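Residue strings, one per chain:
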Amino acid sequence: MLVKVLSGVLPVVQTVFSADGLIDALGTERELNWVLDQGVNGLTTGMVSEVLRLTEAERHQLSEIVIGVASARDALSVISCGAESTLTAVAHAQHAEKQGASAVMAIPPISVGLSDAAVHDYFAAIGDATSIVLIAQDASGYIGRPLSIEVQVELLNRFGDRIYFKPEAAPIGPRLSQLRDASGGGARAFEGSGGAALVDSFRRGVVGTMPGAEVCWAIQRMWVALNEGDWDTAYGISGPLNTLISHQTSIDSYVAVEKYLLMKQGVIRSSVSRGPSGYHLDPETEQELDRLYESLCASAMLTT
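Fair warning: this is a prediction, and the values are worked out from it, not measured in the lab.

Reading the values: rules and limits
- Residues numbered from 1 in each chain as written.
- Predicted model: local features only at pLDDT ≥ 70, side-chain atom pairs only at ≥ 80, totals over all residues.
- Heavy atoms only, no water.
- Helix = DSSP H or I, 4+ residues; strand = E, 2+ residues; numbered from the N terminus.
- Rg over C-alpha atoms; globule rule 2.2 N^0.38 Å.
- Buried < 20%, exposed > 50% of the residue type's maximum accessible area, 1.4 Å probe, protein only.
- Contact = heavy atoms within 4.5 Å.
- Areas by Shrake-Rupley, 256 points an atom, 1.4 Å probe, with all protein chains shown as cover.
- Core = buried A, V, L, I, M, F, W, Y, C linked by side-chain atoms within 4.5 Å.
- Pairing = 2+ DSSP bridges.
- Axes fitted to C-alpha atoms, helices over the stretch in contact; angles between N-to-C directions.
- Left-handed = near helix turned anticlockwise from the far one by under 90°.
- Nonpolar A, V, L, I, M, F, W, Y, C, P; charged D, E, K, R; others polar.
- Right-handed = clockwise from strand over helix to strand, strands pointing away.

Description of the overall build of the protein
When helices and strands are tallied, the protein shows 12 helices and eight strands. By the compact-globule yardstick of 19 Å for 304 residues, the protein fits well, its C-alpha radius of gyration being 18 Å. Expressed along its principal axes, the backbone C-alpha trace of the protein runs to roughly 45 × 45 × 35 Å. A buried classification covers 56% of the 304 residues belonging to the protein. Taking all contacts inside the protein whose residues are at least 6 apart in sequence as the whole, residues at least 24 apart take part in 74%. Of the roughly 12100 Å² of accessible surface on the protein, a fraction of 52% belongs to carbon and sulfur atoms.

Here you go:
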């Protein structure tokens, strides 16, 4: 099988739910098509897609929706396969490959502390069971410690061009450089802070970014500007984007903010999320998000 080359902006999409709390397939498809209309390279499912709150059948349903829309638009699709057991993660990865995904992305299990050897074996099992690209997601905010540079280099040596990385542990910039240097420049990584660290990460050699879907048009504009050497535009977008992202400090707040802004733009019709949730937007936060949205539009030279 020909291994896909991944790059550019690959937004992590929101799962749209109907009033009864079930996946709204048509609503999700509308969102996915809107995301691709912004000129990005593809679609991704991840933690903010609420995958850990979906049933196994729903995870497969969401994967099939995303892969179907991406395939119809000749775009990339990256499907989250991380799970609490290696067996389940492998099953999700194999399902995604069978459906035609470009790549799978996995976080390590979050309910147990693992040694470096166990983490390596978990990712290696997923990679050995599939033939498409595997993205190893650091997800240190959920598992309590970063994915070691040594494990990432071992995975690169094992899988070569079939492995990418999504570092999320602070400090993101220096750790990106450590991975780049330890791998002799061979490790390909995506910026994983929602675009907040994209300018610095670009200078350190990332191949793309995996932000949220809600303002992917601004991050796509930033990515183009960075590749064109237009630093003024990139830094102009980075300011309000970072302030916006500062309101997103947990999975629940990411979901709430992203769905609020997607509704504001008329992309989705419901902000229902899969509970239980410990975070809810208050009116003053919504007002601040509105102001930041307008500032971001101006910085990206777009009309609202």
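A look at the nonpolar core
Grouped together as the largest cluster of nonpolar side chains are 86 residues, with contacts concentrated most on Leu43, Phe123, Ile126, Phe165 and Trp217. Here this core gets eight residues from one element, more than from any other, and that element is helix 9 (residues 216-228). In contact with Phe123, not counting residues within four places along its chain, are Ala106, Ile107, Pro108, Leu134, Ala136, Gln137, Leu147, Leu155 and Phe159. In terms of nonpolar packing, the next biggest core, distinct from the first, is built from 14 residues, Ala103, Val133, Val207 and Met210 among them.

Re the sheet that holds strand 7 (residues 190-191)
The three strands are arranged 1-8-7 in an open sheet whose pairing can be described as parallel. The sheet terminates laterally at strand 1 (8-9) and strand 7, the two strands that pair on one side only. Across two bridges, strand 1 lies against strand 8 (residues 208-209) in parallel orientation. Bridge pairing links Val9 to Thr209 in strand 8.

Description of the sheet that holds strand 6 (residues 163-166)
Across the sheet, five strands lie side by side as 2-3-4-5-6; this open sheet has parallel pairing. In the strand order of this sheet, the two ends are held by strand 2 (42-44) and strand 6, each with one partner. Neighbour-to-neighbour, the strand axes of the sheet open up by a mean angle of 20°, direction not taken into account. Bridging between strand 4 (residues 103-106) and strand 5 (residues 133-137) involves four bridges; their strand directions are parallel. By the bridge assignment for strand 5, Met105 is matched with Ile135.

Some remarks on unusual backbone geometry
In this chain, Ala170 is followed by Pro171 through a cis amide linkage whose omega measures -5°. Examined against the element boundaries, Pro171 turns out to sit in the loop between strand 6 and helix 7 (172-182). The phi torsion at Glu50 lies on the positive side, around 65°, for a residue other than glycine. Looking at where Glu50 falls in the secondary structure, it is placed in the loop between strand 2 and helix 2 (56-72). A positive phi angle, close to 55°, is found at Asp74, a residue other than glycine. Looking at the secondary structure, you find Asp74 in the loop between helix 2 and strand 3 (76-80). Given a relative accessible area of 75%, Asp74 falls into the exposed group.

Describing the environment of Val12
Mapping Val12 onto the fold places it in the loop between strand 1 and helix 1 (25-37). Taking relative accessible area as the criterion, Val12 reaches 5% and is therefore assigned buried. The spatial distance from the C-alpha of Val12 to the C-alpha of Ser115 is 28 Å, given a sequence separation of 103 residues. Excluding its chain neighbours within four sequence positions, the residues that come into contact with Val12 are Thr44, Thr45, Gly46, Val48, Ser49, Met210, Pro211, Gly212, Ala213 and Glu258.

What about the packing of helix 11 (residues 251-264) against helix 12 (residues 283-299)?
At their nearest, the axes of helix 11 and helix 12 sit 11 Å apart, and the two run at 60° to each other. Remark: the crossing between helix 11 and helix 12 carries right-handed chirality. Taking contact as the criterion, the partners of Val257, Tyr260, Leu261 and Lys264 in helix 11 are, on helix 12, Glu286, Leu289, Asp290, Tyr293 and Glu294. When grouped by side-chain class, the residues that make up the contact of helix 11 with helix 12 number five nonpolar, no polar and four charged.

Section: the pairing of strand 4
Side chains of strand 4 alternate between two faces, with Ala103 and Met105 and Val104 and Ala106 buried alike. Here strand 3 runs beside strand 4; their pairing, made up of three bridges, is parallel. By the bridge assignment, Ile79 is partnered in strand 4 with Val104. In the classification by handedness, the crossover that spans strand 3, the intervening helix 3 (residues 86-99) and the parallel strand 4 is right-handed.

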